[in-house]
Amino acid sequence: MLLKLNVNGQQRSDDVEPRLLLVHYLREVCGLRAANVGCDTTSCGACTVLLDGKSVKSCTVLTVQAAGQQVTTAEGLAADGELHPVQAAFRREHGLQCGFCTPGMVMATVGLLAENPEPTEDQVREGLEGNLCRCTGYHNIVRAVLAAAAAGDPATSAGSGRSGPSGPVRGRGAPAVGTSGPASDAVGA
Ligand code: FES
Ligand code: FES
C-alpha cells in the first residue's frame, strides 16, 4: 500500500507491505541505520525513534501506523552541523560506549525531556528503564540526561521543531504503541 509520511523532515511516499515494521522500513527502505534491532521483542529500546515527538519502539510499530506522521531518528536530531543538545550532553558526560544502544537512549531521552523537562534522577532512571545497556553504563547515561535537562535548552524538547510536536511519551521509556512496555529495572539498578 502507498504510504505517505515524513522522515527526518523529508516527505516520503513509499509502497510498503502492511506487515512491515517501522524499524525495518527505516533501515531497509530509508537506509537509516541508527534505529537498531536488538531484541525484536520490545525489551531493549535499541530501536527507539520519535513518532510525532513521542518516543516509541519501532520494532513494535507497523509502518502503516506512521502514515501522515513525522518520524525522527537519531540521524535527524543534529541541525546545521551541530549536535542536538541531548547528543552533546551524552558526548560531554561520556554517556555512551557503543553505537548499538546509544541512538535509542538518546531518542528516549529526547522523548522523556519533552514530557518532563526537569526530571529528578529517579524519574530519569524510571523513564529510561525500557532501554538497556548490556555493559551497564547507566550512571553516565543518567548523568548525561540530567545535564541535558540542566542546560535548559528548549531544543532538548521534541517539540522544538527538530523533532516534531511535543507531547507525552507513551509510558515508561519507549514502549511500543499499544503496549504497556517492558518491565526492566536495569536502569534503576
Ligand atoms: S529491538 Fe529491542 S525493543 Fe525494539
Ligand atoms: S553502551 Fe551500548 S550496550 Fe552498553
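Keep in mind it's a predicted model, so treat the numbers as computed, not measured.

(A) Summary view of the overall build of the protein. A count of helical and extended segments in the protein gives 5 helices and 5 strands. Across the 189 residues that make up the protein, the buried fraction comes to 49%. Surface exposure of the protein reaches about 8,500 Å², of which carbon and sulfur atoms provide 49%.

(B) Summary view of the confidence of the model for the protein. Looking at the protein as a whole, its pLDDT mean stands at 86, while 80% of the residues score no less than 70. Low confidence marks residues 157-173, where pLDDT is under 50. Its contacts with residues over four positions away, or in another chain, come to 56 contacts.

(C) Broad picture of the packing of helix α3 (residues 102-115) against helix α5 (residues 138-151). Contact geometry for α3 and α5: axes closest at 11 Å, N-to-C directions at 40 degrees. The angle between α3 and α5 falls in the class oblique. With respect to the hand of their crossing, α3 and α5 are arranged in right-handed fashion. Across from Met105, Thr109, Leu112 and Leu113 in α3, the residues of α5 making contact are Tyr138, Ile141, Val145, Ala148 and Ala149. Among the residues making up the contact of α3 with α5, the classes are represented as 8 nonpolar, 1 polar and no charged.

(D) Representation of α5. In this model α5 runs 20 Å from its N-terminal to its C-terminal C-alpha over 14 residues, within 8% of the 20 Å that 1.5 Å per residue would give. The inward-facing, buried residues of α5 abut α2 (85-92), α3 and α4 (121-127). Where α5 terminates, the next one or two residues include Gly152, which has phi positive at roughly 65 degrees.

(E) Local environment of the nonpolar core. Counting 26 residues, the largest nonpolar core has Val86, Phe90, Leu128, Ile141 and Val145 as its most contacted members. Looking at this core, the elements with two or more residues in it are α2, α3 and α5. Among the elements that make up this core, the one with the highest residue count is α5 (8 residues). One finds Leu22, Val23, Leu26 and Leu51 within the second-largest nonpolar core, a separate group that totals 20 residues.

(F) Layout of the sheet that holds strand β2 (residues 10-15). Strands sit in the order β2-β1-β5-β3-β4 across an open sheet of 5 strands; the sheet is mixed. Edge positions in the open sheet fall to β2 and β4 (54-57), since each of these has one partner strand only. Neighbour-to-neighbour, the strand axes of this sheet turn through a mean angle of 40 degrees, independent of strand direction. As defined by bridge partners, strand β3 (residues 48-51) adjoins strand β5 (residues 70-72) across 2 bridges and the pair is classed as antiparallel. Opposite Leu51, over in β5, you have Val71 as the bridge partner. Sitting on the sheet, helix α1 (residues 22-29) touches β1 (2-7), β2, β3 and β5, and the angle it makes with β2 is about 100 degrees. Packing of α3 onto the sheet brings it into contact with β3, β4 and β5, and relative to β3 it is tilted by some 35 degrees.

(G) Representation of the environment of Val23 in the model. With respect to the helices and strands, Val23 occurs in helix α1. Taking C-alpha positions, Val23 is 9.7 Å from Ala34, a pair spaced 11 residues apart along the chain. Every residue in contact with Val23, bar those within four places of it in the chain, is listed here: Ala35, Asn36, Val37, Cys47, Ser58 and Cys59.

(H) Main features of unusual backbone geometry. Positive phi, normally seen in glycine, also occurs at Asp52, with a value near 50 degrees. You can see Asp52 is positioned in the loop between β3 and β4. Positive phi outside glycine occurs at His94, with the angle close to 55 degrees. Within the fold, His94 resides in the loop between α2 and α3. Using a relative accessible area of 57% as the deciding quantity, one classes His94 as exposed.

About the thresholds
Residues numbered from 1 in each chain as written. Chains lettered and ligands numbered in written order. Predicted model: local features only at pLDDT ≥ 70, side-chain atom pairs only at ≥ 80, totals over all residues. Heavy atoms only, no water. Helix = DSSP H or I, 4+ residues; strand = E, 2+ residues; numbered from the N terminus. Buried < 20%, exposed > 50% of the residue type's maximum accessible area, 1.4 Å probe, protein only. Areas by Shrake-Rupley, 256 points an atom, 1.4 Å probe, with all protein chains shown as cover. pLDDT = per-residue confidence, 0-100. Contact = heavy atoms within 4.5 Å. Axes fitted to C-alpha atoms, helices over the stretch in contact; angles between N-to-C directions. Parallel < 35°, antiparallel > 145°, perpendicular 65-115°, else oblique. Left-handed = near helix turned anticlockwise from the far one by under 90°. Nonpolar A, V, L, I, M, F, W, Y, C, P; charged D, E, K, R; others polar. Expected span 1.5 Å × (residues − 1). Core = buried A, V, L, I, M, F, W, Y, C linked by side-chain atoms within 4.5 Å. Pairing = 2+ DSSP bridges.

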